[in-house]
Every structure is written in structure tokens, then in C-alpha cells.
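# Coordinates in review
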Amino acid sequence: MKKVGIAILGLGTVGGGTYQILTSKKQYFAKYHNLDVSVESVLEINEARLKQLGVDPAIVTKNIAEVVSNPNVDIVVELIGGIEAAKSFIITALKHGKTVVTANKELIAKYWHEIEETAKANHTGFYFEASCVGGVPIIRTLTESMQANEIISIKGIINGTTNYILTKMADEGRDFEEVLKAAQKKGYAEADPTADVEGFDAAYKLSILSSLAFNVKVPLDKVYREGISKVTKEDIFLGKELGYTLKLLAIGKKTPAGSEVRVHPTFIKNEHPLASVKGSFNAVYLVGDNVGEIMLYGKGAGALPTGSAVVSDIIFAAGKADHFYVPFINSKDGEKGVRFNDDFSCEYYLRMSVIDKPGVLAKIAGAMGSNNVSLREVIQRGTAQQDGSVTLILLTHITNEKSIKAAIREIEKLTDAVVSIDAMIRVE
Ligand code: HSE
């Protein structure tokens, strides 16, 4: 039976889950994978955590040099998160001939090129199933199960915190700030929620997933990003009446004008499979040219779901004679000449407050028309407020980002007709 020695760097939530799975499933791995998997080293300074998990003090260290010089360690699992010291530890491990498994999406999104280059130079493996969508096996699906397809599009709810918040806002009619505070109290949202609510976490994952889906490096700065902190319950409810559910969607598409990669609040039809993904659950919806539509659904975070992805990488890497490297040019800025389209097209929902008097609609429609934006539906809500304003909802036909933004700029100048433009939400 093949012996596989593991070092775990960091025993936080995912590190703990990984340790638990590795120790509790030892017999299972021996029986069904013919692997004798043992945790040989743990790098962690939190004594209470080590005790809580029952880690043998003999394998605990505070020193990365001790980990990488340990001949019994074959695979180093980095679960510290963030850029430093995680990056230096990974590079050091690879240079010492260790294969690395990580859940660190930010690090991959920013330094994948450097890490992969080091792995290749040292003939070691670098695996990161747990970096995207936790327990949902999306990376291996893209790299190992879709060979017969060109992926046309990838759409995902790939951040559980924001999906939890949007679900609560929709189901309970509460404001963003109120739901966020409650989620933080319960530990569902981080004390500093920026990475999640402003879409950074989803953008990291989308840059990785769309690179793998389209076989072309998608640098992080090519991902358009908008979070959910400005989403109002009013728009969620108006959207619902119009047949839409609001989600923070990560979208990657191949178009004739180049790849489109974007993360933003999006209205999707209530009947779309992604609309039924609620709470902290995640899902990825792929369209391949031969297979058609596929949806993977599950938990995108948590000790055991993410630990499940980490351990699946360990078992996968342990059984590999030749390691997997991505098939595209993985330089920092990607391949020269590859086009990305930031003037993407979709339908748009606009909510504005306008003066309720003759000729107002004509002016707004004129500004839309002169920018080549075609209107699909116009809805006036309620009766005039004290200041004489009413709410106007506009739904456009498919148009492009530059045109709608130009139209909005023109409408904003109609100060005798328009009080404010309060929301612009893309509709897929
Ligand atoms: N914070 C992420 C989420 C999980 O809320 O989905 C890890 O990426």
C-alpha cells in the first residue's frame, strides 16, 4: 500500500475539518484507495485548538522549515488563507519537492502564475479544488469531466454569505444592513464583510473558474465586480412582481467580442434553476456545447464540505504519476491578444423617481432611444409623493453596458423631469 504523509498548515475551520476527515477515514482510504494516509505534521500556534482536535503534540510545529524538511511529508496542505505567509510557505514546500493542496482562492487569483511555475519547475503538484465553491466539485468537473465540450457559459452563485443575505432580504422583507448585522451576530458573516458583500470573494473564484472553463487565463483585473451593499428590499420585491429573483451572480461567457467575466447583482427568471438556490447554498450552472446544461449544487463553505474538497485533492494527488498543470499560458496578465469584453450586453432594470407630469416619459424614452436602448416595459408605481414624484420602472431589451450608461447620464441631466435614478440592475 502506498504511504502518503500529510502536513496541514493552519487548523482553522477548514484545517480542522480536513484533519477530522483524514483521521476518521483512514481505514476507508486504505480499503478503497489503497493509500495509507497519515497526518505527519501540523503547523499551528493555537494550543487550545490543537487540544480541541486531539492532535498529537509530537507532530505539532511552529516552523515551516521543519515541515518541508520532514521526509515523511509528501503533501503540504495550506489552509492559513490570505497572501502572506501562505504564499512563501507554498513556494517553499514546492521547492522542497512537496505537492501542495490549498483552499486559498485569493492567492490563486493573484499569484497562480508564480505558484504553477514553481510547481512545474520542481515536478510537484498544485491542487486547489477547495478554493472555489467549497464542497462542490466544480474544478475537477471542469478539468476532468468536460473534455468533450467547449464551455459556452458559466453562471454561479459562488458566495454563500451574500446568498444568505439576499435570501433573508427576500423572504423576510428586511434591509441589507439589518440582515448583515444579524448574520454577523450568528457568525454567518465575517466581522469585516467586505470580501464577501463587495464581491471580491466571488471575483477571485470566477477568475479561477472561468480560466479553467475557457482554457484561457482570466486575470483578476478583467473581472468586473459589483457587490450587494447597495441592493434594496424594494428592488428585490419589485423584481419578484416582475417574475425575477435577485442573486449575486458570477457570470463567464464566451462571446464573439471576447470573454465576458463579471460579478454583480442580477435578476434571473424565477424559473431559472439558480433562482431556487437559497440561503448559504452555492451552485454553478454550466453550458457545454455537447452536454448542454449542467448544474452543481451544494455547500460552498464550512469545515466538512470544504475539508471534503481538500481531502479529495489529497487522494487525487496521491494517485497521480504525472501531475496536472493547466493547459493555457498561465502568465500574470494572460496570453497576449486574448480579448475580454467589458461592454457586455444584457437586459437592464432601472428604477427612478420622476415628476408625474405630461412629457416626462417621452423625454426619458428619447434619451434611451438616442443611445440605441430599446425599452421593453415601462411601469409607473403608485401615486405622486408630496414632491410630485412617482416611481418609474424601466425594463430594456438586450443592450450593451456603454449604451445604457450613456443613456443614464443623459437622463440624469433631465432635472425638470427626473428626481433620481435609484437602481440599475442587470437582467440575465
Ligand atoms: N466566504 C465565502 C462564502 C466562503 O461566503 O461563500 C469561502 O469562500
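Residues numbered from 1 in each chain as written. Predicted model: local features only at pLDDT ≥ 70, side-chain atom pairs only at ≥ 80, totals over all residues. Heavy atoms only, no water.

### Quick word on the pattern of salt bridges
What counts is decided by this rule: Throughout this description, the term salt bridge denotes a Lys or Arg side-chain nitrogen within 4 Å of a carboxyl oxygen of Asp or Glu. The numbering of helices and of strands both runs from the N terminus, where a helix is a DSSP run of H or I of at least 4 residues and a strand a run of E of at least 2. Three exposure classes are used, based on accessible area relative to the maximum for each residue type with a 1.4 Å probe and protein chains only: buried under 20%, partly exposed in between, and exposed over 50%.
Enumeration according to the criterion identifies 29 salt bridges in this entry. A salt bridge links Arg 351 to Asp 422; the nearest nitrogen and oxygen atoms lie 3.8 Å apart. Taken together, the residues Arg 351 in strand S13 (residues 345–355) and Asp 422 in strand S17 (residues 418–427) connect sequence positions 71 residues apart. A relative accessible area of 7% means that Arg 351 is categorised as buried. Within this structure, Lys 155, Lys 253, Glu 260, Arg 262 and Glu 428 form a network of salt bridges that share partners.

### Structural notes on the site of the ligand
Applicable threshold: Residues are classed as near a molecule or strand on a simple rule: at least one heavy atom within 4 Å of it. Polar contacts, as used here, are pairs of N or O atoms within 3.5 Å; protein pairs need one atom able to donate a hydrogen and one able to accept it. Residues neighboring in sequence count only if both atoms are side-chain atoms. Polarity classes work like this: nonpolar for Ala, Val, Leu, Ile, Met, Phe, Trp, Tyr, Cys and Pro, charged for Asp, Glu, Lys and Arg, and polar for all others, with Gly in that last group.
All residues in the neighbourhood of the ligand are listed as Lys 105, Asn 159, Gly 160, Thr 161, Asp 196, Asp 201, Lys 205 and Ala 301. Here Lys 105 contributes a side-chain N or O atom positioned 2.7 Å from an oxygen atom of the ligand. Those elements that place two or more of their residues in the shell around the ligand are helix H8 (160–172) and helix H11 (200–214). Taken together, the residues of the shell around the ligand sort by class into one nonpolar, three polar and four charged.

### Focus: the nonpolar core
In plain terms, the rule: Here, nonpolar core refers to any group of buried Ala, Val, Leu, Ile, Met, Phe, Trp, Tyr and Cys residues whose side-chain atoms link them within 4.5 Å.
Core analysis: the largest hydrophobic core is formed by 76 residues, its most contacted members being Trp 112, Phe 126, Ile 138, Ile 165, Leu 212 and Tyr 349. Residue contributions to this core peak at eight residues, all from H11. Counting residues in hydrophobic clusters, the runner-up holds 31 residues, among them Ile 21, Leu 22, Val 55 and Ile 75.

### Some points on the packing of aromatic side chains
Condition: Ring pairs shown here join Phe, Tyr and Trp side chains whose ring centres sit within 6.5 Å, with only the six-membered ring taken for Trp; geometry is labelled stacked below 30 degrees between planes, edge-to-face above 60, and tilted in between.
For the structure shown, the criterion picks out 11 aromatic pairs. Centre to centre, the rings of Phe 267 and Tyr 349 are 4.9 Å apart; their planes meet at 70 degrees, and the pair counts as edge-to-face. Of this pair, Phe 267 sits in strand S10 (residues 258–269) while Tyr 349 is found in strand S13, placing the two residues 82 residues apart along the sequence. The residues Phe 267 and Tyr 349 share a single accessibility class, namely buried. Centre to centre, the rings of Phe 281 and Tyr 297 are 5.0 Å apart; their planes meet at 0 degrees, and the pair counts as stacked. Of this pair, Phe 281 sits in strand S11 (residues 281–288) while Tyr 297 sits in strand S12 (residues 292–299), and the two are 16 residues apart along the sequence. Here the aromatic residues Trp 112, Phe 126, Phe 128 and Phe 328 are joined through ring pairs into a cluster of three or more.

### Describing the packing of helix H1 (residues 13–24) against helix H13 (residues 303–318)
A pair of packed helices is captured by two measures, namely the crossing angle of their axes and the spacing between those axes. As a reminder, the rule being used: Fitted lines through C-alpha atoms give the axes, limited to the stretch in contact for helices. The angle between two N-to-C directions lies from 0 to 180 degrees. Our angle categories are set so that under 35 degrees counts as roughly parallel, over 145 as roughly antiparallel, 65 to 115 as roughly perpendicular, and the remainder as oblique. Crossing chirality is assigned from the near helix's rotation relative to the far helix, an anticlockwise turn below a right angle marking it left-handed and a clockwise turn marking it right-handed. Any two residues having at least one pair of non-hydrogen atoms within 4.5 Å are treated as being in contact.
Across the interface, H1 lies against H13 with an axial gap of 8 Å and an inter-helix angle of 60 degrees. The orientation of H1 with respect to H13, classified from their angle, is oblique. Every pair of crossing elements has a handedness; the one defined by H1 and H13 is right-handed. Residues Thr 13, Val 14, Gly 17, Thr 18, Gln 20, Ile 21 and Leu 22 of H1 pack against Ala 303, Leu 304, Thr 306, Gly 307, Ser 308, Val 310, Val 311 and Ile 314 of H13.

### Regarding the environment of Val 354
With respect to the element layout, Val 354 can be found in strand S13. By relative accessible area, Val 354 is classed as buried at 3%. Sequence separation between Val 354 and Ser 420 is 66 residues, and the spatial gap between their C-alpha atoms is 7.1 Å. Leave out the neighbours within four places in its chain, and Val 354 touches Val 360, Ile 364, Gly 388, Ser 389, Val 390, Leu 392, Ala 417, Val 418 and Val 419.

### Points about the pairing of S11
Heads up, the rule is: Each pair of strands is called paired provided DSSP finds at least two bridges between the two strands.
Summarising burial for S11: seven of the eight residues are buried, a large majority. Sheet topology places strand S7 (residues 151–157) next to S11; six bridges connect them, and they run antiparallel. Each residue of the ladder has a partner; that of Ser 153, found in S11, is Val 287. Sheet analysis places S11 next to S12, joined by eight bridges and oriented antiparallel. Across the sheet, Phe 281 pairs through a bridge with Lys 299, a residue of S12. Connecting the antiparallel pair S11 and S12 is a turn made up of three residues.

### Notes on helix H12 (residues 233–241)
Listed as buried for H12 are Asp 235, Ile 236, Leu 238 and Gly 239. Once H12 ends, the next one or two residues include Gly 243, with phi positive near 100 degrees.

### Details of unusual backbone geometry
Leave glycine aside and you will find that most residues have negative phi; peptide bonds, for their part, are mostly trans. Going from Glu 84 to Ala 85, the amide bond is cis rather than trans, its omega being 10 degrees. For Ala 85, the position within the fold is in the loop between strand S4 (75–78) and helix H5 (86–95). Despite not being glycine, Val 133 shows a phi value in the positive range, around 60 degrees. Residue class for Val 133 comes out buried when judged on its relative accessible area of 0%. The phi angle at Asn 215 is positive, at roughly 55 degrees, despite the residue not being glycine. Within the secondary structure, Asn 215 sits in the loop between H11 and strand S8 (224–225). Residue classification places Asn 215 among the partly exposed residues on the basis of a relative accessible area of 44%.

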